[in-house]
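Examining the three-dimensional arrangement
Here's the letter readout for the chains.
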Amino acid sequence: MTQKNRLAEGGRIDRAKPVSFRFDGASYSGFEGDTLASALLANNVHLVSRSFKYHRPRGILTAGAEEPNALVQLRQGARTEPNMRAPQIELFGGLVAESQNRWPSLEFDIGAINNRLSRLIPSGFYYKTFMWPASLWMTYERVIRNAAGLGRGPTEPDPDRYDHRNAWCDVLVAGAGPAGLMAALAAGRSGARVIVADEQSEMGGSLLSDTGEIDGKPPAEWVADALAELAAMPEVTVLPRTTVAGYYDHNFLTMLERVADHLPQPPQNTPRERFWQVRAKQVVLATGAIERPLTFIDNDRPGVMLAGAVRSYANRYAVLPGRKVVVFTNNDSAYHTAIDLAGAGAHVAIVDLRKAPRGAVIDAARAAGIEILDNHAITAVHGAKRVTGISVRNLDESGRGVTGPTRSMACDLVAMSGGWNPTVHLFSQSRGKLRFDDALAAFVPDKSFAAERSVGACKGSMQLAECLKDGALAGAAAARDAGFEAKKVPAIPKVASGTEGAMLPVWVVPSGQKLGRGGKHFIDFQNDVTAADLHLAHREGYVSVEHLKRYTTTGMGTDQGKTSNVTALAILAELQQAPIPAVGTTTFRPPYTPVTFGAIAGRNIGPFMDPARLTAMHDWHVAHGAKFEDVGQWKRPWYYPKGNESMHDAVNREVLATRSSVGMLDASTLGKIDIQGPDSARFLDMIYTNAWSKLPVGACRYGLMLREDGMVFDDGVTTRIAENRFLMTTTTGGAARVLGWLEEWLQTEWPEMKVYCTSVTEQWATIAINGPYARHVLGALTDDDKLGPKDFPFMTMREMTVAGAPARVYRISFTGELAFEVNVPRRHGHAVWEAVWQAGQKFGITPYGTETMHVLRAEKGFIIVGQDTDGTVTPMDLGLDWIVARKKGDFIGRRSFARPDTSREDRKQLVGLLTEDPHAVLTEGAQIVQETRPRPPMKMIGYVTSAYHSPVAGRSIALALVARGRDRIGDTLWVPRLDGGQPIKVTVTEPVFYDKEGVRARG
Amino acid sequence: MSKYSIFSLARNALSYHEDWQRAWRSPDPKPEYDIIVIGGGGHGLGTAYYLAKEFGYKNVALLEKGWLGGGNTGRNTTIVRSNYLWDESAALYEHALKLWEGLSQELNFNVMFSQRGVMNLAHNLHDWRELNRRVHAIRLNGIDSEILTAAQVKKEAPIFNVSPDSRYPIMGASIQRRGGTARHDAVAWGYARAADARGVDIIQNCEVTGLTIRNGKIEGVETTRGAIRAKRVGVVVAGHSSVLADMAGFRMPVESNPLQALVSDPIKPVLDCVVMSSAVHVYVSQSDKGELVIGAGSDLHVSYSQRGSFDIVEGIMGALCELVPMVSRLKMMRQWGGIVDVTPDRSPIIGKTPIDGLFVNCGWGTGGFKATPGSAHVFAATLAKGEPHRLAEPFALDRFHSGRLIDEAGAAAVAH
Amino acid sequence: MFLIDCPWCGPRQQTEFHCQGEAHIARPKDPDALSDEEWANYVFNRTNPKGVHFERWVHNHGCRRWFNVARDTVTDRILAIYRMGEKRPKVKS
């Protein structure tokens, strides 16, 4: 039995289930029901960490989420996690934890030299130095960075899974202490759908550490009864180990449920954590209160703990963290700790800052034989890695100094209480307004903003009777506001009523020395901010609360200032000689406690991060060795290498096959929008730059779409399927955007137009057959014998049966070759593709991907929106003046052409470029200059938008946007290289490199 | 102004740091100033500083409705870079970057400008093309920029997943090694201290409630601390620019959108440089305290509440875990939002307004922090001379009339 | 994340919708009659108020209908929701 500090009986641990664990390499044992903190304390381990800046030895301060000191590196390997709060880690068999931010060991930490140098490194010291020489800052910074940072991140991928749950409820209750449980009961009994969540493994909150009676029962029994009743309600969901982390607009809340963190690893098919997103009609906040440390000299020594935490360890975990205890307080609550500890066998003395406190609890302490030193202050703490004793002196008349002789007291534990801060974090996140309560010397909720009620300690009700009553009333009211009639407000359980004496706010406990001398008064334990630092910040004018926080880093640690913010504010107020509320409040930002990134991501990782869109023929492409390109969310075949063929060779082969025989492309990803209604043509007249009203049924036309600023934003071929029906195609990446654009105009600007748009992208599979033998291939697959140029001319569409599937075949060409784009319902896509492939065998049909498609279209000078345009290009810039109707009247974007800049003559225009060296392929994106200079800067006049090796031209070709480009045709320009080599000499040409007359496609 | 140095620190240590002076005074407003700068963020404070230092103005007031640096200056992800595509942008941001490089010494306040490099990832051929376009342009503008392969990305940022099997594999990246991060609050404080030392009256908790305009000319401002006269007024109030414009009776091509960011809990160094992926909307760096600082996207709706929708944060997490698998077990420690004013071309508006003597500097969108010294400097010049500084000229409000936009948004268009 | 009461589908999460900017900006009937400034005012300028904002939302992961919302941009409270073509309601923030 090594659990030296374990009490012989009591507590909510399971003594039948011992658990062994390791901390910093040493083995210990605890019990099921312990936290890492309670188990360490049971083994009399107080020194558990080193502080962030001064590397001071630190112990366990609290018993909850507010812990600033006891942060450990939990688990090893892929499951390791830094900065875990020991009081919130449930003990499990084989747990391994290590202390952080120390070297070489926790006992002996070189970094502690910072404590010796602390006078040189007060708050904000880094703003004042490390400036000379400027070149050394990065070196200084490396040292600073290595010193900072607490724990280590994992180095392996996370083996665990995380789930999401979305929920709607009538009443969400955050916190299941006495107030929260009563609220849940009251709301639940009305039939409302209730979620009650509590961050701890066991529900009950403070009742789990309480020793009184409720309705004549021990508190824990009352809790068990309440939970049993809630469990029996079908509409109530009880979620232990679930932290309500964020409170956002319109009663949207996030919660983190730790499903399996209390186990060595998650069982099979179980997520490690579950991230809840809840929309609640009503919210009841019952989040309790957090005890404040007292700010006395060297109040950070291991063995100095919060009084309420000590009481929890004793009563809930049956651990007596020390045998000889000094309770240091400014209020009555710590007397309960003193009495319980004395009852458990500790020697206890109370140092009370108040003069002659009176009341039942004080009498009870005296009756328990506890010495009370009233009007006294602790003026020194002895011991470095564990408190060994303290010194006390009398407070003077003003209460701001000490007087009289010093008395030393040996002790191994100091339990302190500086009063309680209601946990208003969620309330504040919900935009509620806070008010300063003088009696509590703390901020409490004032005016709610959201549909929310605060109850119990988080609203400032510190007595159990009040908490229970608050909860019952608020739970019933919340259910009523959510539309449920509470049959009756539940009877308020009976508890012994107590009255509390007034507390005495003492924000900095005098030590008899000036601040900053002889020791440190810590405010923010984690970030090593002292009262002297706050004074310094104030002295230097950082007097706004936010400046103070940011300058000193108060409240910026992993605990986000849960134990420090109000004290810091109060000290600032004293310095400004202003009331605390006049100085301001602090900002509470989500989350309440840190939330695992993986949990926020949930299953939206890996392939589900953004599920890939695949065409009907995807499996065929994979089977035939295609390499894929990501285009938007789509996976498109990029090229189909044969054997060890390089990309260059594969593309050459695909291009030549298509130009000389026949090729096939999966063009299914192009956006397709079915547009119907009597006003469709009139609508397209507005949407596109060209005219549509006179387009015959069955004909196709290329269109450009502009934004209202006159810039090209999408293009495609649209076909008149019937008098009042068009099939529009869009770019692959632009499909959703274009549909939205059409709907916007129809619904917001021209609701009188009878036009209906439906996305049919996924409904069709598109097989583009290109090349001189395209007609032969198609002919082999259809009974339709009217495929000749007279019956089925270029830029028309025919419906026919292809390979047994109903098809729309478009005679349109993006390659400049004779081409048929066969569209079949998606379910036939794979089969028809396979049929085309088979029918084309005798012509050596070659499947080609996007890269070959790009080469083929670039040879013809066909643009790709988004590659040869960038949102700053007009149709005229592209040389597409012919597509801008001058007579049809208005269309979207037209007015912008008349603006001075849009009609400028030196705008960038689309041209072709031919390199002097026919083998040099320009880099897409490379900039173009008229005159080269030995070194930058150089005046750029344009850039290369597309560049390829053209197999039919037997040389490289490029498209470019060049200022005044069309005037420069024939000119020599230069393309500088990133590698510093000679700039590449190019000649400006027309942007068409093949079949300039366009006869091949019409054949 | 007493000088900050290792020696002054040591000297003050001897007196227990009890003799430090205030970093800036807290004066009451005078009835009249030569120039009033509205807005006490980095841009405004810098403007006031350069007015005093470079242009000799002795009688300048800076009005701040809350606390210095309380807007976007204190809420951004602190990235500094000048790798912009268009000549006009590159010139302006490079002007800023050059000032950043000497800012700590200039202000005698360590703003911790740290040139740890800024990397922009490319995930597909479209990104790659755009990246090349930018790098070529940046280099020809005389600014540093390099292209990295995926393997080189791995070397610079080992926590990144460069596997070709990831959903959007990393093809490569550009890197601007002179880019990096700075300590955002320090920029505001450093400028405030230096401006104050040169006589600028910095007046906090002084909200402008109205503008006094007569015959189309500015004559002063109404504030919560009384009326103050001035013949020249500069408005530098990111997020609230439309509110001030409304007081002057005109509208601007600006919308105020929430922009969110978050930090992890602090860990030992894992990431030296700043890494940005605009394709999946993830920006990440590690602060000197050890937190991973992560930029999320902006919401599309107008809001002045400094809050965005949680789904924006949720939306980037999958991409972040995919790009940087080790973050999965780290935790979001704090999240927050700012209000960015966004223009149609994602470029700022600097210069004259329809009101004589009233100048505006706004519309920096999500990228104002990096521009702070440059923006402040050219705006100070503009205010001092009454005419736009050469670098500010292309960013005039009237570009929206002529159509001469500087379209940093369009250039990232995705289609095909 | 807002809860938005789509006039066609009822209350849904904000993630189903897209905000599409200021409402009640009519496209000029005769753009040619406008000066460049007036045209820019239509294309680019926005009211962007701190307070009540009349804006357009589209239920793009739902019924794909556009509708108008009056929302306070300071509190983010939704004050009214009304269909396209309806007059802007009188609301108080």
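Residues numbered from 1 in each chain as written. Chains lettered and ligands numbered in written order. Predicted model: local features only at pLDDT ≥ 70, side-chain atom pairs only at ≥ 80, totals over all residues. Heavy atoms only, no water.

Observations concerning the interface of chain A and chain B
At the junction of the two partners, chain A supplies 132 residues and chain B supplies 108 residues. When chain A packs against chain B, the two sides together hide about 10,400 Å² of surface, and 57% of this comes from carbon and sulfur. Area buried by chain A at its contact with chain B is led by Arg145, Phe597 and Leu978 of chain A, which between them contribute 9% of it. Put simply, chain A and chain B have 15 salt bridges between them. (Contact = heavy atoms within 4.5 Å. Buried area = accessible area lost by both parts, 1.4 Å probe. Salt bridge = Lys/Arg side-chain N within 4 Å of Asp/Glu carboxyl O.)

Section: the confidence of the model for chain C
Low pLDDT marks regions whose predicted coordinates should not be analysed in detail. Confidence in the prediction of chain C, expressed as mean pLDDT, is 97, and 100% of residues score 70 or more. In the predicted assembly, ipTM is 0.98 and pTM is 0.97. (pLDDT = per-residue confidence, 0-100.)

Description of the environment of Thr372 of chain B
Residue and element names in this part refer to chain B. The topology assignment puts Thr372 in helix H10 (residues 368-385). The sequence separation of Thr372 and Ala186 amounts to 186 residues, and the corresponding C-alpha distance is 12 Å. Residue contacts for Thr372: discarding those within four places in its chain leaves Gly42, His43, Trp100, Val187 and Tyr191. A polar side-chain atom of Thr372 sits 2.5 Å from the main-chain carbonyl oxygen of Phe369. (Helix = DSSP H or I, 4+ residues; strand = E, 2+ residues; numbered from the N terminus. Polar contact = N/O pair within 3.5 Å; in protein donor to acceptor, adjacent residues only side chain to side chain.)

Side note on the pattern of salt bridges
As enumerated under the stated definition, the model contains 101 salt bridges over all chains in all. With a shortest N-O distance of 3.6 Å, Arg682 of chain A and Asp679 of chain A are connected by a salt bridge. The partly exposed category is assigned to Arg682 of chain A, whose relative accessible area is 42%. Measuring nitrogen to oxygen at the nearest pair gives 2.7 Å for the salt bridge that ties Arg71 of chain C to Glu55 of chain C. Remark: Glu55 of chain C occurs in strand S4 (residues 52-58) and Arg71 of chain C occurs in strand S5 (residues 66-72); sequence separation between them is 16 residues. Residue classification places Arg71 of chain C among the buried residues on the basis of a relative accessible area of 0%. Residue classification places Glu55 of chain C among the buried residues on the basis of a relative accessible area of 0%. The network of salt bridges with shared partners includes Arg79, Glu81, Asp158, Asp160, Asp261, Arg272 and Glu273 of chain A together with Arg329 and Lys331 of chain B. (Buried < 20%, exposed > 50% of the residue type's maximum accessible area, 1.4 Å probe, protein only.)

Some thoughts on the pairing of strand S31 (residues 634-639) of chain A
All names here are of chain A. Summarising burial for S31: 5 of the 6 residues are buried, a large majority. Alignment of strand S30 (residues 627-631) against S31, held across 5 bridges, turns out to be antiparallel. The residue of S31 that forms the bridge with Asp630 is Lys635. (Pairing = 2+ DSSP bridges.)

Considering the packing of aromatic side chains
On inspection of all chains with the given rule, the structure shows 47 aromatic pairs over all chains. Plain terms: the ring middles of Phe522 of chain A and Phe525 of chain A are 6.4 Å apart, the flat faces sit at 35° to each other, and that makes the pair tilted. Its relative accessible area of 1% is what places Phe525 of chain A among the buried residues. Ring plane angle 75° and centroid distance 5.3 Å describe the contact between Tyr542 of chain A and Trp24 of chain B, whose orientation is recorded as edge-to-face. On the criterion of chain membership, the pair formed by Tyr542 of chain A in the loop between helix H12 (531-539) and helix H13 (545-552) and Trp24 of chain B in the loop between helix H1 (6-14) and strand S1 (35-38) is interchain, its members lying in two chains. Residue Tyr542 of chain A shares its accessibility class with Trp24 of chain B, and that shared class is buried. Of note, Arg119 of chain A hangs over the ring of Tyr16 of chain B, and the distance from its end group to the ring centre comes to 4.1 Å. (Phe/Tyr/Trp six-rings, centres within 6.5 Å; stacked < 30°, edge-to-face > 60°. Lys NZ or Arg CZ within 6 Å of the ring centre and 35° of its normal.)

Here's the deal with the sheet that holds strand S1 (residues 14-23) of chain A
Residues and elements named next belong to chain A. The strand order across the open sheet formed by 5 strands is S2-S1-S7-S5-S6, and the pairing between neighbours is mixed. In this open sheet, the two edge strands, each paired with only one partner strand, are strand S2 (26-32) and strand S6 (81-85). Each strand of the sheet is rotated relative to its neighbour by a mean of 40°, with strand direction disregarded. Both S1 and S2 contribute to a ladder of 7 bridges, which runs antiparallel. Residue pairing in the sheet places Arg22 in a bridge with Ser27 of S2. (Axes fitted to C-alpha atoms, helices over the stretch in contact; angles between N-to-C directions.)

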